[in-house]
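As a plain string of letters, each chain reads:
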Amino acid sequence: MALDPVGVGATPAVTRARRSPARALLVEARPRQWIKNLLVFAAPAAAGVLDDGGDLLRTVGATACFCLAASGTYFLNDATDVEADRLHPRKRFRPVAAGEIPVGTARAIGIGSIVVAVALASLIALPLGVVVGAYVLLTTAYSLWLKHVAVIDVVAVAAGFVLRAIAGGAAVDVPISDWFFIVTSFGSLFMVVGKRRAEAAEMGDEAASTRATLGTYSPQFLNQLQTICTGVVLIGYCLWAFEKAELTDTTVPWFQLSIVPFGLGVLRYLLLVDDGQGGAPEDVVLEDRVLQAMGVAWAALFMVGVYVT
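Residues numbered from 1 in each chain as written. Predicted model: local features only at pLDDT ≥ 70, side-chain atom pairs only at ≥ 80, totals over all residues. Heavy atoms only, no water.

Peer 1: Outline unusual backbone geometry, supporting the account with residue identities and numerical values.
Peer 2: Of note in this structure, Arg30 is not a glycine but carries a positive phi near 55 degrees. Even without a glycine there, the phi angle at Val151 is positive, about 75 degrees. Its place among the elements puts Val151 in the loop between helix H6 (126–144) and helix H7 (152–172). (Helix = DSSP H or I, 4+ residues; strand = E, 2+ residues; numbered from the N terminus.)

And the structure:
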């Protein structure tokens with residue numbers, strides 16, 4: 001019988017060829033996850049400063065720092081969770097769990113990446129260095145403790161998204177409005193709860209063996225929590241759009257019109273989660289063409305409102 005990379009018997013359908021060292025390092029860095037770091041652009045874009053070359057460069061630099069810091073935390077997290085990951089049908093093929101990257105090497109790369117990310121962020125702007133450092137502390141606390149505490153675990157993951165959004169404002173020194181913060185916070189929680197719902201559905205009775213808190217959450221609780229998040233996000237965005245519109249003198253309601261694709265995008269994502277596709281939010285965003293079209297329509301209307309009016 002063919003063996004998988006961790007030495008557990010597997011059928012040929014799930015057996016994976018051993019990756020080269022360079023390929024293993026790239027996979028472990030999770031470049032597909034870097035799409036989350038585009039949130040760094042949110043605050044500068046909403047503030048209308050990305051047409052300034054210096055601010056654009058600082059925003060790009062802040063995004064790169066978050067990509068480096070996030071990849072560093074992935075290395076550390078997988079080194080910590082190596083035994084649990086080997087019990088998961090998909091995570092067992094991650095390079096550390098598969099034995100392609102030694103645990104000690106993963107920890108060294110993770111620590112080095114994080115140190116460089118915080119240092120570079122501090123050079124761009126000291127407040128940005130503080131935000132990146134806070135993100136690292138949060139993710140470390142999550143890996144060591146917070147992920148084992150029900151409710152706190154989903155809030156902690158959502159807080160990581162919020163810190164990305166705050167980082168953009170810190171990089172270019174623009175204030176973040178209350179409504180922006182509310183939409184970002186509950187939008188992040190909305191996606192994280194969807195991820196937990198998909199994980200629970202995928203793993204079934206074995207869910208608690210790979211993530212302890214999944215044995216605590218009932219389907220009804222997760223549904224209720226996502227319903228609350230959906231309502232707050234939609235109402236919060238509507239109020240934010242109206243607030244932005246009051247600051248312009250255009251006769252075309254660009255910000256109000258952006259509510260339509262935004263709302264449709266939220267509902268579309270909720271539908272995909274109900275269909276069991278929310279386990280990897282980045283895959284949902286990258287693969288669903290309807291959701292992408294709604295996102296482009298929303299971004300176009302919002303950006304016209306910011307930069308043209």
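Peer 1: With reference to specific residues and values, describe the environment of Ile109.
Peer 2: One can find Ile109 in helix H5 (residues 103–124). Of the residues examined, Ile109 reaches a relative accessible area of 27% and is grouped as partly exposed. Counting along the chain gives 12 residues from Ile109 to Ala97, while the straight-line C-alpha distance between them is 16 Å. Those residues in contact with Ile109, other than ones at most four positions away along the chain, are Leu25 and Phe75. (Buried < 20%, exposed > 50% of the residue type's maximum accessible area, 1.4 Å probe, protein only. Contact = heavy atoms within 4.5 Å.)

Peer 1: So what's going on with a nonpolar patch on the surface? Residues and values would help.
Peer 2: Judged by side-chain polarity, Val116, Leu120 and Leu123 come together as a nonpolar surface patch covering roughly 300 Å² of accessible area. As for its position among the elements, Leu123 is in helix H5. With relative accessibility at 72%, the residue Leu123 sits in the exposed group. (Patch = residues over 30% accessible without salt bridge, like charges linked within 9 Å, V, L, I, M, F, W, Y side chains within 5 Å. Areas by Shrake-Rupley, 256 points an atom, 1.4 Å probe, with all protein chains shown as cover. Salt bridge = Lys/Arg side-chain N within 4 Å of Asp/Glu carboxyl O.)

Peer 1: Before we move on, can you summarise the packing of helix H10 (residues 219–246) against helix H12 (residues 259–274) with the specific residues and values?
Peer 2: Packed helix pairs are specified by the crossing angle of their axes together with the interaxial distance, meaning the distance between the axes. Close contact between H10 and H12 brings their axes to 10 Å; oriented N to C, the two are set at 170 degrees. The angle between the axes of H10 and H12 places the two elements in the roughly antiparallel class. Pair H10 / H12 crosses with right-handed handedness. On H12, the residues that touch Gln226, Thr230, Val233, Leu234, Tyr237, Cys238, Ala241 and Phe242 of H10 are Ile259, Phe262, Gly263, Val266, Leu270 and Val273. Taken together, the residues that form the contact of H10 with H12 break down as 11 nonpolar, three polar and no charged. (Axes fitted to C-alpha atoms, helices over the stretch in contact; angles between N-to-C directions. Parallel < 35°, antiparallel > 145°, perpendicular 65-115°, else oblique. Left-handed = near helix turned anticlockwise from the far one by under 90°. Nonpolar A, V, L, I, M, F, W, Y, C, P; charged D, E, K, R; others polar.)

Peer 1: Which residues make up the packing of helix H3 (residues 53–80) against H7, and what values do they have?
Peer 2: Contact geometry of H3 with H7 gives a least axis separation of 9 Å together with a crossing angle of 145 degrees. Pair H3 / H7 crosses with right-handed handedness. Side by side, H3 and H7 meet where Asp55, Arg58, Thr59, Ala62, Phe66, Ala70 and Tyr74 of the first sit next to Leu163, Arg164, Ala167, Ala171 and Val172 of the second. Class assignment for the residues of the contact of H3 with H7 results in eight nonpolar, one polar and three charged.

Peer 1: Please provide a residue-by-residue account of the nonpolar core, values included.
Peer 2: One finds Leu189, Tyr237, Trp240, Phe255, Phe262, Tyr269 and Phe302 to be the most contacted residues of the largest nonpolar core, which totals 32 residues. At the level of elements, helix H2 (42–47), H7, helix H8 (178–203), H10, H12 and helix H14 (289–307) are the ones that each hand at least two residues to this core. Looking at which element gives the most residues to this core, the answer is H10, with eight residues. When neighbours within four sequence positions are excluded, Phe255 is seen to be in contact with Ala241, Lys244, Ala245, Thr248, Phe302, Gly305 and Val306. Of all hydrophobic cores here, the second largest spans 27 residues; its members include Val40, Ala70, Leu128 and Leu138. (Core = buried A, V, L, I, M, F, W, Y, C linked by side-chain atoms within 4.5 Å.)

Peer 1: Report on the side chain of Thr184, specifying residues and quantitative values.
Peer 2: With respect to the helices, strands and loops of the structure, Thr184 is situated in helix H8. Filtering out sequence-adjacent residues up to four positions away, Thr184 remains in contact with Val162 and Ala165.

Peer 1: How would you sum up H7? Please name residues and give values.
Peer 2: Here H7 spans 30 Å end to end across 21 residues, near enough to the 30 Å set by a 1.5 Å rise per residue. Most of H7 sits out of view: 16 of its 21 residues are buried. Positive backbone phi, approximately 60 degrees, marks Asp173, located one or two places after H7. (Expected span 1.5 Å × (residues − 1).)

Peer 1: Tell me about the environment of Glu28, and please be specific about residues and values.
Peer 2: Considering the arrangement of structural elements, one finds Glu28 in helix H1 (residues 21–29). Residues Glu28 and Ser71, spaced 43 residues apart in sequence, show a C-alpha to C-alpha distance of 7.7 Å. Those residues in contact with Glu28 that sit more than four places away from it in its chain are Tyr74, Phe75, Asp78, Arg94, Pro95, Val96 and Ile101.

Peer 1: Which residues make up the state of the cysteines, and what are the values?
Peer 2: All told, the structure shown has zero disulfides when counted by the stated rule. Sulfur of Cys67: no disulfide; nearest cysteine sulfur belongs to Cys65 and is 9.2 Å away. No disulfide involves Cys238; its nearest neighbouring cysteine sulfur is the one of Cys229, lying 16 Å away. (Disulfide = S-S within 2.5 Å.)

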